Amino acid sequence: RGAIVIELDSLGAGALCTVAREGILKPVAASSRMKRYAKHASQVSGVPVDTTSILWQESAASTALRNGLQAMHLVGTDGAKPALYAQANDVADNIDPEILAENANFVVEVVKGI
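Since this is a predicted model, take the numbers as computed values, not measurements. (Residues numbered from 1 in each chain as written. Predicted model: local features only at pLDDT ≥ 70, side-chain atom pairs only at ≥ 80, totals over all residues. Heavy atoms only, no water.)

**Section: the side chain of Ser59**
Residue placement: Ser59 occurs in the loop between strand 4 (50–54) and helix 2 (60–66). A distance of 2.5 Å separates a polar atom in the side chain of Ser59 from a polar atom in the side chain of Glu22. Here Ser59 is in contact with Glu7, Glu22 and His73, once residues within four sequence places are set aside. (Helix = DSSP H or I, 4+ residues; strand = E, 2+ residues; numbered from the N terminus. Polar contact = N/O pair within 3.5 Å; in protein donor to acceptor, adjacent residues only side chain to side chain. Contact = heavy atoms within 4.5 Å.)

**Brief notes about the packing of helix 1 (residues 32–45) against helix 3 (residues 97–113)**
The contact between helix 1 and helix 3 brings their axes to 8 Å, and the two run at 125°. Here helix 3 runs oblique to helix 1, going by the angle between their axes. Between helix 1 and helix 3 lies a crossing whose hand is right-handed. Contacts from Tyr37, Ala38, Ala41, Ser42, Val44 and Ser45 in helix 1 reach Asn105, Phe106, Glu109, Val110 and Gly113 in helix 3. Looking at the contact of helix 1 with helix 3 residue by residue, the class counts come to six nonpolar, four polar and one charged. (Axes fitted to C-alpha atoms, helices over the stretch in contact; angles between N-to-C directions. Parallel < 35°, antiparallel > 145°, perpendicular 65-115°, else oblique. Left-handed = near helix turned anticlockwise from the far one by under 90°. Nonpolar A, V, L, I, M, F, W, Y, C, P; charged D, E, K, R; others polar.)

**Comments concerning helix 1**
The α-helix winds at 3.6 residues per turn, so residues separated by three or four positions along the chain end up facing the same way. Over its 14 residues, helix 1 extends 20 Å from the first C-alpha to the last, a length consistent with the 20 Å expected when each residue adds 1.5 Å. Within helix 1, burial applies to Met34, Tyr37, Ala38, Ala41, Ser42 and Ser45. Down the axis, helix 1 shows its buried residues gathered within 135° of arc, on one side only. For helix 1, exposure combined with an orientation more than 90 degrees from the buried face picks out Arg36, Lys39 and Gln43. Considering only its buried residues, helix 1 is in contact with strand 1 (4–9), strand 2 (15–22), strand 5 (70–78) and helix 3. Of the residues trailing helix 1, Gly46 is marked for its positive phi of about 80°. (Expected span 1.5 Å × (residues − 1). Buried < 20%, exposed > 50% of the residue type's maximum accessible area, 1.4 Å probe, protein only. Arc of directions from axis to C-beta.)

**Concerning the nonpolar core**
Within the largest apolar cluster, twelve residues are counted, these being Leu11, Leu16, Met34, Tyr37, Ala38, Ala41, Val47, Met72, Leu74, Phe106, Val107 and Val110. Ranked by residues supplied to this core, first place goes to helix 1 with four residues. In this view, Leu74 contacts Ile6, Glu7, Leu8, Asp9, Leu11, Leu16, Cys17, Thr18, Phe106 and Val107; residues no more than four positions away in its chain are not counted. Judged by nonpolar contacts, the second largest core, of five residues, contains Ala61, Ala64, Leu65 and Ala71. (Core = buried A, V, L, I, M, F, W, Y, C linked by side-chain atoms within 4.5 Å.)

**What to know about the confidence of the model for the protein**
For residues with low pLDDT, the predicted coordinates do not support detailed interpretation. Confidence in the prediction of the protein, expressed as mean pLDDT, is 86, and 95% of residues score 70 or more. Ranking the elements of the protein by mean pLDDT puts strand 6 (residues 81–82) last with 78 and strand 3 (residues 28–29) first with 92. (pLDDT = per-residue confidence, 0-100.)

**Things to note about the environment of Glu22**
Note on placement: Glu22 falls in strand 2. For Glu22 and Glu58, which are 36 residues apart along the polypeptide, the C-alpha to C-alpha distance reads 7.0 Å. Discounting residues that sit within four places of it in the chain, Glu22 has contacts with Pro27, Val28, Ile54, Leu55, Ser59, Ala61, Ser62, Leu65, Arg66 and His73.

**Overview of helix 3**
The terminal C-alpha atoms of helix 3, which comprises 17 residues, lie 24 Å apart, in line with the 24 Å expected from a rise of 1.5 Å per residue. Listing the buried residues of helix 3 in full gives Asn103, Phe106, Val107, Glu109 and Val110. Down the axis, helix 3 shows its buried residues gathered within 160° of arc, on one side only. Within helix 3, the exposed residues directed more than 90 degrees away from the buried face are Pro97, Glu98, Val111 and Lys112. Contacts made by the buried residues of helix 3 are with strand 1, strand 2, helix 1 and strand 5. Backbone nitrogen of Glu98 and a side-chain oxygen of the N-cap are separated by 3.0 Å at the start of helix 3; the cap is Asp96.

Right, here's the structure in full:
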């Protein structure tokens, strides 16, 4: 009770997005509470955050949302998918340290806001 799940994917590459809707068979939407946390963290950290939908995958966040928990899924995107997701170039050498530091700062602000 009272737990909040924050799932992180591809934060070292791509443009930072919050996942607004996700899931395959029964898509779920992020709560307005989590959206407020993300908006506030974006204002404080100065990191621009967009929204996306991932309707082709189940995640820990979508499972948590279906079970009544507060959850947020943050993704570094490249087009309609997480950046470098399951590709041959999905290696540690392709992580951009500046993007990773900026996105880590955003995550810290989200946690502080909770």
